[in-house]
Amino acid sequence: MSIEHEQRKYPRLSTTSRVYGLRFQVKGVDIHDCRLVNLSAGGCGVEIQMADARNLEVGDVLESLYLDHPDMPLVPLSAVILRMLGKVPGKTLGYVLVGMEFRGITPFVRGLIADHVAAQLARA
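Since the model is a prediction, treat every value here as computed from it, not as a measurement.

Peer 1: Got a sec to walk through the nonpolar core? Specific residues and values, please.
Peer 2: Counting 31 residues, the largest nonpolar core has Leu22, Leu39, Leu65 and Phe102 as the members making the most contacts within it. Contributions of two or more residues to this core are made by strand E2 (21–26), strand E3 (29–40), strand E4 (43–49), helix H1 (50–53), strand E5 (61–68), strand E6 (77–85), strand E7 (95–103) and helix H2 (107–123). When neighbours within four sequence positions are excluded, leucine 22 is seen to be in contact with Ile31, His32, Cys34, Leu36, Cys44, Val46, Leu65, Tyr66, Leu67, Asp68 and Met100.

Here's what the structure looks like:
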């Protein structure tokens, strides 16, 4: 068995504060109580409460996705779920880590996100 190293197209910012939020709609349901754990110009990772994640699956398309942060563009985005960690049958409490990739994002908006991530990484 070989271990493949994941190559990222864009630098990724890990976040620990509640300054970064995320909200979206999936399958007609609004999901608001998410904590952004990482962000790049290509996508993000979020913690979602188990109760909100119970109907989510890899491949689901997330619509009306907003990055809630004063320095982020306030435009609706779309993303697809690429991976989910922590979602197991019978688990009803806690969080699921959801990794998503932005879809149909304009180069301008992608650039704004990339610039924000680069500025935050330079401060660290």
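Peer 1: Run through the packing of aromatic side chains, naming residues and quoting values.
Peer 2: A full pass over the atoms with the stated rule returns 0 aromatic pairs. Directly above the ring of tyrosine 66 sits arginine 23, whose terminal nitrogen or CZ lies 4.5 Å from the centroid.

Peer 1: Just give me the short version of the environment of histidine 116, but keep the residues and values in it.
Peer 2: Inspection of the secondary structure assignment puts histidine 116 in helix H2. You can call histidine 116 buried: its relative accessible area is 6%. Sequence-wise, histidine 116 and alanine 41 are 75 residues apart; in three dimensions their C-alpha atoms are separated by 9.1 Å. If we skip the residues at most four places from it in the chain, histidine 116 touches Tyr20, Leu39, His69, Asp71 and Met72.

Peer 1: Explain the environment of leucine 77 to me, using residue names and the numbers behind them.
Peer 2: Looking at the element boundaries, leucine 77 is found in strand E6. With relative accessibility at 10%, the residue leucine 77 sits in the buried group. On a C-alpha basis, the gap between leucine 77 and tyrosine 66 in space is 6.3 Å, while along the polypeptide they are 11 residues apart. Ignoring sequence-local partners within four residues, the contact set of leucine 77 consists of Leu62, Glu63, Ser64, Leu65, Leu67, Phe102, Ile105 and Val109.

Scoring rules and cut-offs
Residues numbered from 1 in each chain as written. Predicted model: local features only at pLDDT ≥ 70, side-chain atom pairs only at ≥ 80, totals over all residues. Heavy atoms only, no water. Core = buried A, V, L, I, M, F, W, Y, C linked by side-chain atoms within 4.5 Å. Buried < 20%, exposed > 50% of the residue type's maximum accessible area, 1.4 Å probe, protein only. Helix = DSSP H or I, 4+ residues; strand = E, 2+ residues; numbered from the N terminus. Contact = heavy atoms within 4.5 Å. Phe/Tyr/Trp six-rings, centres within 6.5 Å; stacked < 30°, edge-to-face > 60°. Lys NZ or Arg CZ within 6 Å of the ring centre and 35° of its normal.

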